[in-house]
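So you can see what is in the structure, the chains are spelled out below.
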Amino acid sequence: MARVELKQVKKSYGSVEVIKGIDLDIQHGEFCVFVGPSGCGKSTLLRMISGLEPISDGDVAIDNEVVNDIAAADRGLAMVFQSYALYPHMSVRQNLSFGLENIGTSKAEIAEKIGQVSKMLQIDMLLDRKPKDLSGGQRQRVAIGRAVVREPRVFLFDEPLSNLDAELRVDMRGEITALHRRLGNTMIYVTHDQVEAMTMADKIAVLRLGELEQFGRPLDLYNRPRNIFVAGFIGSPKMNFIKGTVAEGGASITFDTGETMALPQSGFDYQPGQKVTLGIRPNHVSLVEGGSVSMSVKSVEQLGGESYIYGALKDGTLLTVHLSGQISAEIGEVLTIEGDADEVHLFDTESGLSLRHD
Amino acid sequence: MLALQRKLGVNRLAWAFLLPNLILFGLFAFLPVILNVFYAMTGGDNVLLADRPDVGARNFVTLLDCENYLDVNSCREDKFWRAVWNTVRFVILQVGFMVGFALLTAIILNRDIRARGFFRSVFFFPVLLSPVVVALIWKWILQREGVLNAFLDWTGAGGINWLVDAQWAFGWSVFISVWAHMGFYTLILLAGLQAIPRDVYEAALMDRANAWRTFRRITLPLLAPTMLVVLILALIKGVQTFDEVYAFTGGGPGTATTFIIQYIYEEGFAGAPRLFGLAAAASLLVAGVLVVLTLIQLRISRNNVDG
């Protein structure tokens, strides 16, 4: 187990700064997920921790020891790559043993460790096969096994499930979290899939354009996003955003469509006349006859136990309503909706920051 | 076109398109091979097949008649066997050095070194030269009053008659051949090196493999299929060596640098009488060796595609 700290870590390629001073403190045994859209720098940040990518400025510390100048091989980390990066000419057994042979582990010990790990990951029947003879899921297990067998201080995962099909991804997600529970090691996991992040992480670091947008527990990010980006990125389907202005007296918001809705009277700092964006998750919107906001239906998805209605407000703002049960609506039908005032989020439209103060 | 296809049918139209190439290929490749077999089975120095007496396998017997194949003096056609053993020695040395140096160069050029593009061009440049130009450049450098001896004289070491001494002439023939062709094989090996995924090396780094173990356990095995192709290509090319060495040493001193293709050329075309039959028989034997090498290369290539 190990604590990983990043202090004002930066990375530049020439004049282009791709990681813009990130501070992060990942505690012993935590499962931390770096999440963000493509190009946000999450994989670069992971590679900087691994030592595969040199850092331009700041410090990376593992167990309070700054490792900036320590080679990747000597940091005591193991990495699972997006492409698995298995040695194609070696059998599964050789893939697992290579790292141990490199540090002079005895043959008996190697055999014992491979036996334990392969049994744990259910790859013991594949030990004599080459990677090309394995399925995607099996390759992924071997790649994880190669990391586990070395007993590293920290596990690094770089989008390890992105090459798997949806069903296998869900299975592997469960297996990796189970592995974390069993081993108790610090794990850092990179993904662009916020569902993976929400289901696996103890802590999530949301990144955008090389900056840390928010770092915290999954439900804290979901319930109290710091800004519009995090609010929109965390949660599926994504949060609805409706622009408007706080009305005189501050009791309600007048949307750009001219419709109004009552605002929560506590928990937020806003001023009458302030341009704000109201955020509300699709499951906190309900269809109410005579509701304050009207929406024209664009499409409907019926999943059996739940329904999604996609529509647009009068000004073209897109909106999603998530309802339980089988709700039908006609395309083009105008429905009136109401949001749960206790579940709304308010953001300053200009800065994008949350107006929540507690 | 559709009307023509309807008239001739798809198969006949395909043959019609292939015909010009087939005629040319047949005229300049298949026909000479067939004629070569006839020449090998006939004797005399008459070029017209009709005027050549049938000798059966006598030309092959003449070439292969040896009391001890390791002692060329015991062979009836000792020039042939001198050329064979020169070629064997040449191919072993040339291919060994060439593949070794090409691998070393490719590994260096694959690294993130300064002016990498320039050095890649430098190593490839000799491949673009005509074999005769290569031979003349080195002849000017190595002749008695050449550049190298001028330099050695200037340093006080004294010049050597490089092209008159049999050992030196052979050694320089190997060197020049390596120098002239190494760039081509370096390029193939470089492509092979670049095809090895970067993340496999990163995985090896995370697995704490040092540079030597990474080379031995990752680079070499993953480069092995490319190495085999390079080896076979270099072997075939080595057996076919003629023009640049012929222009460089003329096969001498004596027969020190006479290789098998030069033997065939001299027996069939340069000497008197012109022993077409003997030359054709020798060329069929060489062709047999080259076919075997080519089949090995095809098998390896197919395995690579399948694997």
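Just so it is clear, the model here is predicted, and its values are computed rather than measured.

Calculation notes
- Residues numbered from 1 in each chain as written.
- Chains lettered and ligands numbered in written order.
- Predicted model: local features only at pLDDT ≥ 70, side-chain atom pairs only at ≥ 80, totals over all residues.
- Heavy atoms only, no water.
- Helix = DSSP H or I, 4+ residues; strand = E, 2+ residues; numbered from the N terminus.
- Buried < 20%, exposed > 50% of the residue type's maximum accessible area, 1.4 Å probe, protein only.
- Contact = heavy atoms within 4.5 Å.
- Salt bridge = Lys/Arg side-chain N within 4 Å of Asp/Glu carboxyl O.
- Axes fitted to C-alpha atoms, helices over the stretch in contact; angles between N-to-C directions.
- Parallel < 35°, antiparallel > 145°, perpendicular 65-115°, else oblique.
- Left-handed = near helix turned anticlockwise from the far one by under 90°.
- Nonpolar A, V, L, I, M, F, W, Y, C, P; charged D, E, K, R; others polar.
- Domains from an automatic or database assignment.
- Expected span 1.5 Å × (residues − 1).
- Arc of directions from axis to C-beta.

Draft legend 1. Representation of the overall build of chain A in the model. The helix and strand inventory of chain A stands at 8 helices and 20 strands. Seen through its principal axes, chain A has C-alpha atoms that stretch 75 × 45 × 35 Å. For chain A, the residues scored as buried account for 52% of the 358 residues in total. For chain A, long-range pairs separated by at least 24 residues make up 65% of all intrachain contacts whose partners lie at least 6 apart in sequence.

Draft legend 2. Spotlight on the pattern of salt bridges. Scanning the entire structure with this criterion turns up 23 salt bridges over all chains. We note a salt bridge from Arg 3 of chain A to Glu 5 of chain A, for which the minimum N-O separation is 3.4 Å. As a salt-bridge pair, Asp 207 of chain B and Arg 150 of chain A come within 3.6 Å of each other at their nearest N and O atoms. Of this pair, Asp 207 of chain B sits in the loop between helix H9 (198-206) and helix H10 (211-239) while Arg 150 of chain A sits in the loop between helix H4 (136-148) and strand S7 (154-158), which puts the two residues in different chains. Overall, Arg 150 of chain A belongs to the buried group, its relative accessible area being 14%.

Draft legend 3. Spatial organisation of the packing of H4 of chain A against helix H5 (residues 166-183) of chain A. All names here are of chain A. Two numbers describe how H4 lies on H5: the axes approach to 11 Å, and their chain directions differ by 15°. With respect to their mutual orientation, H4 and H5 come out roughly parallel. Considering the relative orientation of H4 and H5, their crossing is right-handed. For the pair H4 and H5, the contacting residues are Gly 137, Gln 140, Arg 141, Ile 144 and Val 148 in the first and Leu 168, Met 172, Glu 175, Ile 176, Leu 179 and Leu 183 in the second. Among the residues forming the contact of H4 with H5, the class breakdown is 7 nonpolar, 2 polar and 2 charged.

Draft legend 4. Highlighting the domain arrangement of chain A. Domain boundaries in chain A define domain 1 (4-224) and domain 2 (237-348). A C-alpha centroid distance of 39 Å is found between domain 1 of chain A and domain 2 of chain A.

Draft legend 5. Seen up close, helix H3 (residues 107-120) of chain A. Residue and element names in this part refer to chain A. Helix length check: H3 (14 residues) gives 20 Å between terminal C-alpha atoms against 20 Å at 1.5 Å per residue, within 8%. All buried positions along H3 are accounted for by Ile 110, Lys 113, Ile 114, Val 117 and Ser 118. Take H3 and look down its axis: the buried residues cluster within an arc of 120°, on one side only. The outward face of H3, more than 90 degrees from its buried face, is lined by the exposed residues Ala 108, Ala 111, Glu 112, Gln 116 and Lys 119. In this structure, the buried side of H3 is in contact with helix H2 (92-102) and H4. Count one or two residues on from H3 and you reach Gln 122, which has phi positive near 55°.

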